[in-house]
Amino acid sequence: MKKSAIVGIIIIAIAIGVIISTYADSSTYGSFTDARESQTELHVVGTLNKSKDLIYNPKVDANYFAFYLVDKQGKECKVVFSGAKPQDFERSEEVVLTGKMIGDEFSASKILMKCPSKYNKDKMEVQEVEHTAALNR
Amino acid sequence: MDIQFAGEHLLPGKLGQFFIILTFGSALISAISYYFATVKDTNDDSWKRIARLSAWVNTFAVVGIGASLFYIIYSHYFEYNYAWAHSSRSLPVYYIISSFWEGQEGSFWLWMFWQSVLTNVLIQRARTWENPVMTIIMLSQVFISSMLLGVEILGLRIGSSPFILLRDAVEGPIFSRPDYLSLIPDGNGLNPLLQNYWMVIHPPTLFLGFASMIVPFAYAIAGLWQKRYKEWVTAALPWALFAVMVLGTGIIMGSFWAYEALNFGGFWAWDPVENASIIPWLTLIAAVHVMIAYKNSGHSYFTATFLVLISFVLVLYASFLTRSGILGETSVHSFTDLGMFGHLLTYLLVFFILAVGFLIARWKDLPITKKDEETYSREFWLFIGALVLTVSCIQVIATTSIPVFNAIFGTKIAPPANVFQHYHQWQVPFAIVISLISGFAQYLKYKNTDPRKLYIKLVMIIIIAVMITSAFAYIADVYHNVMYVILTFAAVFSLCCNVPFLIDALKGKWKLAGASIAHIGFAFLLLGALVAAATSKVVSINTSGVGFGDEFDKSNNAKENIILYENEPVRMDQYTVTYKGDSTVGVNTYYKINYKTINQTTRKVMEEFDLYPNAQQNAKMQTIVASPDTRHYLLHDIYTHVSSVPLKTETAEHDDHTGHSEDEGYDQPATYEVAQGDTIRYREGIIIVKGINRNATVEKIPLGKNDVAIALKLQVIAKNKTYEIEPIFLLKGGNKFDFGKTVADVGLKFRFTDVHPDKNKLELMVYQKPLAEKKWVVLKAIKFPFINFFWAGNILMMVGFLLSIFRRNKEIKVI
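Please read all numbers here as calculations on a predicted model, not as lab measurements. (Residues numbered from 1 in each chain as written. Chains lettered and ligands numbered in written order. Predicted model: local features only at pLDDT ≥ 70, side-chain atom pairs only at ≥ 80, totals over all residues.)

Peer 1: Sorry if this is basic, but what is going on with the overall build of chain A here?
Peer 2: Helix and strand counts for chain A stand at 3 helices and 7 strands. With 137 residues in all, chain A has 30% of them scored as buried. The contacts in chain A between residues at least 6 apart in sequence include a share of 47% that link residues at least 24 apart. (Helix = DSSP H or I, 4+ residues; strand = E, 2+ residues; numbered from the N terminus. Buried ≥ 20, exposed ≤ 12 C-beta atoms within 10 Å, placed from the backbone. Contact = placed C-beta atoms within 7 Å.)

Peer 1: Quick question: what am I supposed to make of the overall build of chain B here?
Peer 2: When its secondary structure is counted, chain B shows 22 helices and 24 strands. Against the 2.2 N^0.38 benchmark of 28 Å for 815 residues, chain B shows a C-alpha radius of gyration of 36 Å, more extended than a compact globule. Counting only C-alpha atoms, chain B reaches 125 × 80 × 55 Å along its principal axes. In chain B, which comprises 815 residues, the share counted as buried stands at 45%. (Rg over C-alpha atoms; globule rule 2.2 N^0.38 Å.)

Peer 1: For this particular structure, what's the right way to read the pairing of strand 5 (residues 76-82) of chain A?
Peer 2: Every other side chain in a regular strand lies on the same face of the sheet, so the side chains alternate between the two faces. All names here are of chain A. Among the 7 residues of strand 5, 5 are classified as buried, and the element is accordingly described as predominantly covered. When strand 4 (residues 64-71) meets strand 5, the two strands line up antiparallel, connected through 7 bridges. Looking at strand 5, one finds that Tyr 64 is bridged to Ser 82. In this structure, the hairpin formed by strand 4 and strand 5 is closed by a connection of 4 residues, where Gly 74 is found at a positive phi of approximately 85°. (Pairing = 2+ DSSP bridges.)

Peer 1: Explain helix 10 (residues 231-261) of chain B to me, please; I cannot follow it from the model alone.
Peer 2: Within an α-helix, residues lying three or four positions from one another point in the same direction, as the helix has 3.6 residues per turn. Residue and element names in this part refer to chain B. If you check helix 10, its first and last C-alpha atoms are 45 Å apart, about what 31 residues at 1.5 Å a residue would give, namely 45 Å. The principal kink in helix 10, of about 40°, is found at Leu 237, preceding the proline Pro 238 by one to four residues. For helix 10, the buried fraction is high: 25 of the 31 residues fall into the buried class. (Expected span 1.5 Å × (residues − 1). Bend = angle between axes of the 7 residues up to and from the residue.)

Peer 1: Sorry if this is basic, but what is going on with the nonpolar core here?
Peer 2: A general trend in soluble globular proteins is that nonpolar side chains are found buried together. All names here are of chain B. Counting 239 residues, the largest nonpolar core has Tyr 219, Ala 240, Val 244 and Val 290 as its most contacted members. With 19 residues, the top contributor of residues to this core is helix 10. Residues contacting Ala 240, with those up to four places away along its chain left out, are Pro 216, Leu 284, Ala 287, Val 288, Met 291 and Val 308. Of all hydrophobic cores here, the second largest spans 14 residues; its members include Leu 714, Val 716, Phe 729 and Phe 752. (Core = buried A, V, L, I, M, F, W, Y, C linked by C-beta atoms within 7 Å.)

Peer 1: Before we go on, may I ask you to explain the environment of Asp 477 of chain B in this structure?
Peer 2: All names here are of chain B. Following the sequence through the fold, Asp 477 ends up in the loop between helix 17 (451-476) and helix 18 (482-506). The exposure class assigned to Asp 477 is partly exposed, which follows from the 13 C-beta atoms found within 10 Å. Measuring from C-alpha to C-alpha, the distance between Asp 477 and Val 531 comes to 8.1 Å, with 54 residues separating the pair along the chain.

Peer 1: Even after reading the chapter, I still don't get the packing of helix 10 of chain B against helix 11 (residues 272-297) of chain B, so can you show me in this structure?
Peer 2: To characterise two packed helices, one gives the angle between the axes of the helices and the distance between these axes. All names here are of chain B. Their axes nearest at 9 Å, the elements helix 10 and helix 11 cross at an angle of 150°. The pairing of helix 10 with helix 11 is recorded here as roughly antiparallel in orientation. Relative to helix 11, the crossing made by helix 10 is left-handed. Seen from helix 10, the contacting residues are Val 233, Thr 234, Leu 237, Ala 240, Leu 241, Ala 243, Val 244, Leu 247, Gly 248, Ile 251 and Gly 254; seen from helix 11, they are Ser 277, Ile 278, Trp 281, Leu 284, Ile 285, Ala 287, Val 288, Met 291, Tyr 294 and Lys 295. Among the residues forming the contact of helix 10 with helix 11, the class breakdown is 16 nonpolar, 4 polar and 1 charged. (Axes fitted to C-alpha atoms, helices over the stretch in contact; angles between N-to-C directions. Parallel < 35°, antiparallel > 145°, perpendicular 65-115°, else oblique. Left-handed = near helix turned anticlockwise from the far one by under 90°. Nonpolar A, V, L, I, M, F, W, Y, C, P; charged D, E, K, R; others polar.)

Peer 1: Looking at this structure, how should I read helix 5 (residues 104-125) of chain B?
Peer 2: Residues and elements named next belong to chain B. In a regular helix each residue adds 1.5 Å, so 22 residues correspond to 32 Å; helix 5 covers 32 Å between its end C-alpha atoms and thus fits that length. For helix 5, the tally of buried residues reaches 16 of 22 residues, placing the bulk of the element in the interior. Note on helix 5: the residue one or two positions beyond its end, Arg 127, has a positive phi of about 50°.

Peer 1: It is not clear to me how the pairing of strand 7 (residues 575-585) of chain B should be interpreted in this structure. Could you clarify?
Peer 2: All names here are of chain B. Alignment of strand 6 (residues 570-572) against strand 7, held across 3 bridges, turns out to be antiparallel. Across the sheet, residue Arg 571 finds its bridge partner in strand 7, namely Thr 576. Connecting the antiparallel pair strand 6 and strand 7 is a turn made up of 2 residues, with Asp 573 showing a positive phi of about 55°. Where strand 7 folds back on strand 8 (residues 588-598), the antiparallel hairpin that results is connected by 2 residues, among which Gly 586 adopts a positive phi of roughly 60°.

Peer 1: Just checking my understanding: could you explain unusual backbone geometry for this structure?
Peer 2: With the exception of glycine, the majority of residues adopt a negative phi angle, and the majority of peptide bonds are in the trans configuration. We note that Gln 39 of chain A has phi near 60°; this positive angle belongs to a residue other than glycine. By the element assignment, Gln 39 of chain A lies in the loop between helix 2 (32-38) and strand 2 (42-48). The phi angle at Asp 477 of chain B is positive, at roughly 65°, despite the residue not being glycine.

Peer 1: Just to check I follow, could you spell out the domain arrangement of chain B for this structure?
Peer 2: How big an interface is tends to be stated in terms of accessible area lost as the parts join. Split into domains, chain B comes out as domain 1 (1-190), domain 2 (417-519), domain 3 (536-648 + 775-815) and domain 4 (666-768). Relative placement of domain 1 of chain B and domain 2 of chain B: their C-alpha centres are 47 Å apart. (Domains from an automatic or database assignment.)

Peer 1: Please clarify how the environment of Ile 310 of chain B should be interpreted in this entry.
Peer 2: Its place among the elements puts Ile 310 of chain B in helix 12 (residues 301-323). Sequence separation between Ile 310 of chain B and Thr 283 of chain B is 27 residues, and the spatial gap between their C-alpha atoms is 7.5 Å.

Peer 1: Just to check I follow, could you spell out the sheet that holds strand 14 (residues 670-674) of chain B for this structure?
Peer 2: Two pairing modes exist for strands in a sheet, parallel and antiparallel, and in both the strands are linked by backbone hydrogen bonds. All names here are of chain B. Ordered in space as 14-23-22-21, the 4 strands form an open sheet in which the pairing is antiparallel. Across the chains shown, the open sheet's two edge strands, defined by having one partner strand only, are strand 14 and strand 21 (741-743). Averaged over all pairs of adjacent strands, the angle between strand axes in this sheet comes to 30°, irrespective of strand direction. For strand 14 and strand 23 (residues 761-768), the ladder comprises 5 bridges, and the chain directions are antiparallel. Directly across from Ala 670, in strand 23, lies its bridge partner Val 766.

Peer 1: Looking at this structure, I do not really get the packing of helix 8 (residues 197-212) of chain B against helix 10 of chain B. What am I missing?
Peer 2: All names here are of chain B. The interhelical angle for the contact between helix 8 and helix 10, taken along N-to-C directions, is 150°, at an axis separation of 8 Å. As summarised for this structure, helix 8 and helix 10 are arranged roughly antiparallel, according to the angle between their axes. Along this stretch, helix 8 crosses helix 10, giving a crossing that reads as left-handed. Here the contact of helix 8 with helix 10 is built from residues that sort into 16 nonpolar, 7 polar and 1 charged.

Peer 1: Would you mind going over the confidence of the model for chain B with me for this structure?
Peer 2: Interpretation of this model should avoid reading the predicted coordinates in detail wherever pLDDT is low. Residues and elements named next belong to chain B. When pLDDT is averaged along chain B, the result is 86; 92% of the residues meet or exceed 70. Element-level pLDDT for chain B is lowest in helix 20 (residues 550-554), with a mean of 40, against a maximum mean of 96 in helix 9 (residues 214-225). This stretch, residues 545-556, has a pLDDT under 50; its non-local contacts, to residues over four places away or in other chains, come to 17 contacts. Note on residues 650-660: pLDDT is under 50 here. Beyond four places in sequence and across chains, it has 3 contacts. We note a pTM of 0.83 for the whole complex and an ipTM of 0.80 for its interfaces. (pLDDT = per-residue confidence, 0-100.)

Peer 1: It is not clear to me how the environment of Asn 693 of chain B should be interpreted in this structure. Could you clarify?
Peer 2: Residue and element names in this part refer to chain B. Positionally, Asn 693 belongs in strand 16 (residues 685-693). Between the alpha carbons of Asn 693 and Ala 711 there is a distance of 4.9 Å; along the sequence they are 18 residues apart. Apart from the residues within four sequence positions on either side, Asn 693 is in contact with Ile 710, Ala 711, Lys 713 and Glu 726.

Peer 1: Teacher, can you tell me more about the confidence of the model for chain A here?
Peer 2: Model confidence for chain A is summarised by a mean pLDDT of 76, while 82% of its residues fall at 70 or above. A low-confidence stretch, residues 117-137 of chain A stays under pLDDT 50, and its non-local contacts, those more than four residues away or across chains, total 21 contacts.

This is the structure we're talking about:
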């Protein structure tokens, strides 16, 4: 057998290991209910409840940020994050959290936001402009 | 439908759209003509003439698109969606350039532009390779230009044009008004994160890299097509090196931009978009090595061809990942979907099938050696190294592609929760193997090497490397982790193996030095990346945060942000850090953060510097966009960014307005009955009653016979300063008046309101300004040791590639 063939087999074996590890390390998307049941790290996708206040008071603790998120099943849960409030957080439409349930609060280790960025979505903010233009006439 | 809209400039858009059609058409004609020029074996070169002409027309049209688009953005014609969405009037010219490629269309244009530059070079230099190579490249040009078409064919929209009018792109009631343009005074502006000089040069470099990947691909296809199996490798090698160099530079610029301008807190985050750019780079760098192996030994032909072909397919896969919107929830900064999913996939599949098809069709003819490589030969280890690089690439692809698997199989798998740990458990061992091979393979000869001589050399090097490794691991503090020590050894070993070659090169053979310089660069890159990532230390650890319940504290999260009040120094690591105030320049507010190192025994300031992290405040959105500032040292960086600042709108509320009563803006006054010599204590100092001035006068008020004007002589001592002040009491015509005096510096106002001769007391009212809210910033500071090794290593690597390009280019001319 050619040496390169042996090497090839070894490489393929490593590649299979890589792919298995991808799935072994991979996390799951779930809801707050799943998080409560499993008690393991998972991803929760949801939307920010904008009617409730965001809690970030750097004068008390610069590393405590809390907010209320509604997951895809419509269940709301308080989320705490150890760190500063991410920029643009108020404007986020969809939030992807990584973390787990501790008590009644979801402790997020990572927050990823999808913003309806004014930079790449076709949403117009013309109301204000229209208003002033009408006044000027 | 038939409204006459006022103030629109339709000509540049029409012209631009015409150029798009022209680009697409000329690319198509050129590709077809080059195809016939290749397959028709006639002496008549009419096909080639048509093809070249179309290629030149194509270049002209591509430049035309760019000029039209630039003109639209530069003139602020917001009737065009692209200008409206990506620019604004206040944008300086050099950022107009970056707004150009903020959108997908602009970045496609950039790709197309570079591809046409490359076609012109190839027309000049490719000689016998021109026809087949250009067929492939023009085919790619057809696909990219079709992305900009923006026309509907059979109800299917093909591509997205940058010349679409705002009123066609966006729904809105205002577009029924003929004068709608007057209601749109300004564009949306460029994402503030992209307003950075790196964003002016990073995308063009990256896209030149992507665009130049087509050239080795086209040569490989041409080699198979024309059955010039062996020749293409030599011809394509300088191009492959060029692509590796430029793409590598582009990637590293992106990394530097992320480090300098974004608050990622690092230089590589394993974000899917970053991964997408490194995937094709890994396979092409592997390809370069086996191409050299094949040239010198005749081994690894299939591996070389396959890797070159797959590299460009992976470029297309990377574009598909970042541009189709499939990454969705896994990445923050991929493009949003422009409805190009199918289009991008077609582009990818056509080139994939082209590559696989040619390989299968020519399989029996391929010059694959049946002979086994010797273990002590360079070609064998080049081959192994290339395979390890490929597997490393597969690992990155596998994890990055999780959303793709989800889309195909309908699963809902999430990416690993701990991204760094996941990638590093694989990439660190791969880096170790590659680094070791890049060292000892230098001492192997092609075909075969005398093992004994090899071992004698290597033993010496290993001894030196072990000594350097132990010293370095101790200094850089990476000896706690076995993997880190092994990686350090591997990098140092590679360094020790390659340096002698560099010395040889400096003695005169500098043209041969490319490989050793690139490998030295790679070794430094690994050391820098390892130490900076493994021992980076958050220096702004907050020890004060309390009061949010036990549950929260138990989670053991590092408290990495710290609040600083103005002029109140805080100890962080070895530094005494003080927030000294802010200043606003344009849209940015710069926060002056003073760092001091104070010797604890002598109290002497050993070192002092200021950093100016900035934040763009968006009052309307109530958000900030922060950018870090970094202090660079030879061996480490101090990196600082603000995580939170008081919003400007909150602090600007209490302006003094006219028309309010004079006492407004002060707290409730305190009334004292005082006598000479009394002392009143107040919040920030003391007030001493010095005495009475009986001869006081009030300006413009003449005193009558029975009128009395008395001034109270006061002394205010506050903040180590003394102020003298005399509020006046006036008795005129039997009525009492008083004239208060203020000491603005300390925010005090005094009124001398009455005299009580019976008690021998004087009535004094003291008004005090409310305690001003202290200014504060929340910041995060990180120390990155040895990060300059990382940057310097990258630069060395690129220099190495450049030297190799010269060398390999020369070899073409010889043949």
